[in-house]
Protein chains: 2
Amino acid sequence: MKILCLSVVHYADFHAGPDRERRPERGADRLPGTAPTRDLASTMKYCPDCGGKVSHRIPADDNRERAICDDCGTVHYQNPLIVVGCVAESDGKILLCKRSIEPRYGYWTVPAGFMELGETLAAGAARETLEEALAPVEIGHQFASVDVVDAGQVHIFFTGRLTGGYGVGEESLDTRLFSEDEIPWDDLAFRSGRYALQVYFEDRGKNNGVHFHELRSKDLTLKNED
Amino acid sequence: MKILCLSVVHYADFHAGPDRERRPERGADRLPGTAPTRDLASTMKYCPDCGGKVSHRIPADDNRERAICDDCGTVHYQNPLIVVGCVAESDGKILLCKRSIEPRYGYWTVPAGFMELGETLAAGAARETLEEALAPVEIGHQFASVDVVDAGQVHIFFTGRLTGGYGVGEESLDTRLFSEDEIPWDDLAFRSGRYALQVYFEDRGKNNGVHFHELRSKDLTLKNED
């Protein structure tokens, strides 16, 4: 019996990768607020291994419902995804990106996205910064971790130091360095990024360990009333 | 077009959950050293959404190969998995578990396992400690993070404090509190757990931020020659 793990659906509600959000028709039914994450386990209908139908039940010797193939018996697990981000600094200013994609088109974000296979957490954070702001960074330390429980995601943030110039990546309309009193708090894209910036400035460059934060809402975006 | 994420195969090489390793026939072809993780993207043959066949290619506007359904066009992503663990202390001693399952049957481990949907990192670490050692813990701070790149996993370790008694969970043959000079270094099960214990003792209870470590081997187990 083989064991395969199916992670939760990639909501199109986080800047994940170049292919995930540029097409507006894609994931339109999975935008924040439209689908309860706890139900994601039941989205698998067919076995990725053999194409057979799957049932959703608690396997023997387990205590959670899993997707199990009726034909080959494979158990398919679903687990949280990792998002990695970087608060990159240069001469006391912070690099932010203005999003060129939905959701939160036109709002500002810390460079971040889904960690990929074959990279470390730090390498993923650096890659996202390079992709979104064309900015090479030297990663410092992890300072924040946001459990977005109902989205099945963990957002992990690192400090970084710009080691070269920066530009405007494909997912960005603009990128800019902001001093602390220039941060566009009312025009930030995501809750986890706002939290990261808040504790980043609290730390004043010191490694105080990881600030943990829990977001229960599966809607990662900031709304005007927030 | 829908977007689904398929994470990497759950190797049967880490104490994941009660159902994953107790059956010796399961995952026998996926034990450490038998399958390169980089190839896991190609293990999906059928679309979990519609049962159609998938192709493995780089989507337009992406830069990585993904599994794409030939019929419905869904892109299935694969991303790293999170393992959470806890170094739990009581009166200056550390709680370890002697494994009752393969791999590394009979060797000692820090309580740890795959993070589940619906929980925070810290809650996952506490749950694993409760399951493996029947020990309720109060989670402290994150002190270590091990990127097991070729296994597609990130292992995140917390400090903890026992808040009650402890016992022997189903995945354990024995559990015991060890003082620092009693730690069975030569009989530990996993590389990441050994690293966690090493830096835990270096910290001497202080939150020095997260110690990062990268393991390139996809074999998580310690061998006699290590």
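What counts and how
- In every chain, residue numbers begin from 1 and rise along the written sequence.
- The naming scheme follows written order: chains are lettered A onward, ligands numbered 1 onward.
- Reporting of local features is limited, given that this is a predicted model, to residues whose pLDDT is at least 70; pairs of side-chain atoms are given and counted only at 80 or more, and all residues count toward the totals for whole chains, interfaces and linings.
- To obtain the side-chain values, all non-hydrogen atoms of the structure were used and water was disregarded.
- Here a helix means four or more residues in a row that DSSP labels H or I, a strand means two or more in a row labelled E, and each is numbered from the N terminus.
- Categorising residues by exposure relies on relative accessible area from a 1.4 Å probe, with only protein chains included: less than 20% of the type maximum marks a residue as buried, more than 50% marks it as exposed, and the intermediate range marks it as partly exposed.
- Whether two residues touch is decided by their heavy atoms; if any such pair falls within 4.5 Å, the residues are in contact.
- Two strands qualify as a pair provided that DSSP identifies no fewer than 2 bridges between them.
- Buried residues of nine kinds, namely Ala, Val, Leu, Ile, Met, Phe, Trp, Tyr and Cys, make up a nonpolar core once their side-chain atoms join them within 4.5 Å.
- Here a salt bridge means any side-chain nitrogen of Lys or Arg lying within 4 Å of a carboxyl oxygen belonging to Asp or Glu.
- Geometry of aromatic contacts follows a simple scheme: Phe, Tyr and Trp rings, the Trp one being its six-membered ring, pair when their centres are within 6.5 Å, and the pair is stacked under 30 degrees between planes, edge-to-face over 60, tilted otherwise.
- Only when the NZ of Lys or the CZ of Arg is both within 6 Å of the ring centre and within 35 degrees of the ring normal is a charge said to sit over the ring.

K.L.:
Can you help me understand the overall build of chain A in this one?
P.N.:
Per the secondary structure count, chain A includes two helices and twelve strands. In chain A, the order of α-helices and β-strands from amino to carboxyl end is β-β-β-β-β-β-β-β-α-β-β-β-α-β. Here chain A holds 226 residues, and the buried ones make up 61% of them. For chain A, long-range pairs separated by at least 24 residues make up 68% of all intrachain contacts whose partners lie at least 6 apart in sequence.

K.L.:
Explain the environment of valine 148 of chain A to me, please; I cannot follow it from the model alone.
P.N.:
All names here are of chain A. Along the polypeptide, valine 148 turns up in strand 9 (residues 137-148). Note: C-alpha distance between valine 148 and lysine 218 (70 residues apart in sequence) is 6.7 Å. Filtering out sequence-adjacent residues up to four positions away, valine 148 remains in contact with Gln153, His155, Leu215, Ser217 and Leu220.

K.L.:
Where do I start with the pairing of strand 3 (residues 66-69) of chain B in this structure?
P.N.:
In summary, the side chains of a regular strand alternate between the two faces of the sheet. Residue and element names in this part refer to chain B. Judged by which residues are buried, strand 3 turns out to be covered on both faces: Arg66 and Ile68 on one side and Ala67 and Cys69 on the other are all buried. As paired elements, strand 2 (residues 54-57) and strand 3 share four bridges and run antiparallel to each other. Paired with histidine 56 across the two strands is alanine 67, which belongs to strand 3. Taken together, the two bridges between strand 3 and strand 4 (residues 75-77) define a ladder with antiparallel strand orientation. Each residue of the ladder has a partner; that of isoleucine 68, found in strand 4, is valine 75.

K.L.:
Would you explain the nonpolar core in this entry?
P.N.:
It is characteristic of soluble globular proteins that their nonpolar side chains tend to be buried jointly. Counting residues in hydrophobic clusters, the biggest one holds 35 residues, and the most contacted among them are Ile82 and Leu121 of chain A together with Ile82 and Leu121 of chain B. For this core, the secondary-structure elements that each account for two or more residues are strand 5 (81-90), strand 6 (93-99), helix 1 (121-133) and strand 10 (153-162) of chain A together with strand 5 (81-90), strand 6 (93-99), helix 1 (121-133) and strand 10 (153-162) of chain B. In this view, isoleucine 82 of chain B contacts Pro80, Ile82 and Val154 of chain A together with Gly113, Phe114, Met115, Leu121, Val154 and Ile156 of chain B; residues no more than four positions away in its chain are not counted.

K.L.:
What exactly am I supposed to notice about the environment of glycine 52 of chain B here?
P.N.:
All names here are of chain B. Its place among the elements puts glycine 52 in the loop between strand 1 (3-5) and strand 2. Given the relative accessible area of 6%, glycine 52 is considered buried. Here the alpha-carbon distance between glycine 52 and isoleucine 68, two residues 16 residues apart in the chain, equals 9.7 Å. Contacts of glycine 52, omitting those with residues within four sequence positions, involve Lys45, Tyr46, Cys47, Cys69 and Asp71.

K.L.:
Is there a simple way to think about the pattern of salt bridges in this case?
P.N.:
In a structure, side chains of opposite charge can pair up when their charged atoms sit close to one another. Within this structure, the stated rule accounts for 20 salt bridges over all chains. The residue glutamate 116 of chain B makes a salt bridge to arginine 66 of chain A at a minimum N-O spacing of 2.7 Å. Of this pair, glutamate 116 of chain B sits in the loop between strand 8 (112-114) and helix 1 while arginine 66 of chain A is found in strand 3 (residues 66-69), placing the two residues in two different chains. The two residues glutamate 116 of chain B and arginine 66 of chain A agree in class, both being buried. A salt bridge links arginine 204 of chain B to glutamate 180 of chain B; the shortest N-O distance between them is 3.0 Å. With arginine 204 of chain B in the loop between helix 2 (191-203) and strand 12 (211-215) and glutamate 180 of chain B in the loop between strand 11 (172-178) and helix 2, this pair connects stretches of sequence that are 24 residues apart. Each member of the salt-bridge network shares a partner with another, and the members are Asp62, Arg64 and Arg66 of chain A together with Glu116, Glu119, Arg127, Glu128 and Glu131 of chain B.

K.L.:
What exactly am I supposed to notice about unusual backbone geometry here?
P.N.:
Here the amide bond leading from glutamate 102 of chain A into proline 103 of chain A is cis, since omega sits at -5°, within 30 degrees of zero. Along the polypeptide, proline 103 of chain A turns up in the loop between strand 6 and strand 7 (108-109). A positive phi angle, close to 65°, is found at aspartate 61 of chain B, a residue other than glycine. Mapped onto the fold, aspartate 61 of chain B is located in the loop between strand 2 and strand 3. Given a relative accessible area of 39%, aspartate 61 of chain B falls into the partly exposed group. The backbone of aspartate 91 of chain B sits at a positive phi, close to 50°, despite the residue not being glycine. Looking at where aspartate 91 of chain B falls in the secondary structure, it is placed in the loop between strand 5 and strand 6. The class of aspartate 91 of chain B is exposed, set by a relative accessible area of 79%.

K.L.:
Where do I start with the packing of aromatic side chains in this structure?
P.N.:
Each aromatic ring pair is described using two quantities: the centre-to-centre distance and the angle formed by the ring planes. Counting across every chain of the model gives ten aromatic pairs over all chains. Taken together, a centroid distance of 5.4 Å and an interplanar angle of 45° make the contact between phenylalanine 158 of chain A and phenylalanine 212 of chain B tilted. Taken together, the residues phenylalanine 158 of chain A in strand 10 and phenylalanine 212 of chain B in strand 12 connect one chain to another. When its relative accessible area of 1% is taken as the criterion, phenylalanine 158 of chain A is described as buried. A residue is classified by how much of its surface remains accessible, and phenylalanine 212 of chain B, at 30% relative accessible area, is partly exposed. Plain terms: the ring middles of tryptophan 185 of chain B and phenylalanine 201 of chain B are 6.4 Å apart, the flat faces sit at 70° to each other, and that makes the pair edge-to-face. With tryptophan 185 of chain B in the loop between strand 11 and helix 2 and phenylalanine 201 of chain B in helix 2, the pair connects residues that are 16 residues apart, well separated along the chain. Take tryptophan 185 of chain B: its relative accessible area is 32%, and that puts it in the partly exposed class. In this structure phenylalanine 201 of chain B comes out as buried when scored by relative accessible area, which is 9%. Three or more aromatic residues joined by ring pairs make a cluster, and in this case those are Phe143, Trp185, Tyr200 and Phe201 of chain A. Sitting over the face of the ring of tyrosine 107 of chain A, arginine 104 of chain A holds its NZ or CZ atom 3.6 Å from the ring centroid.

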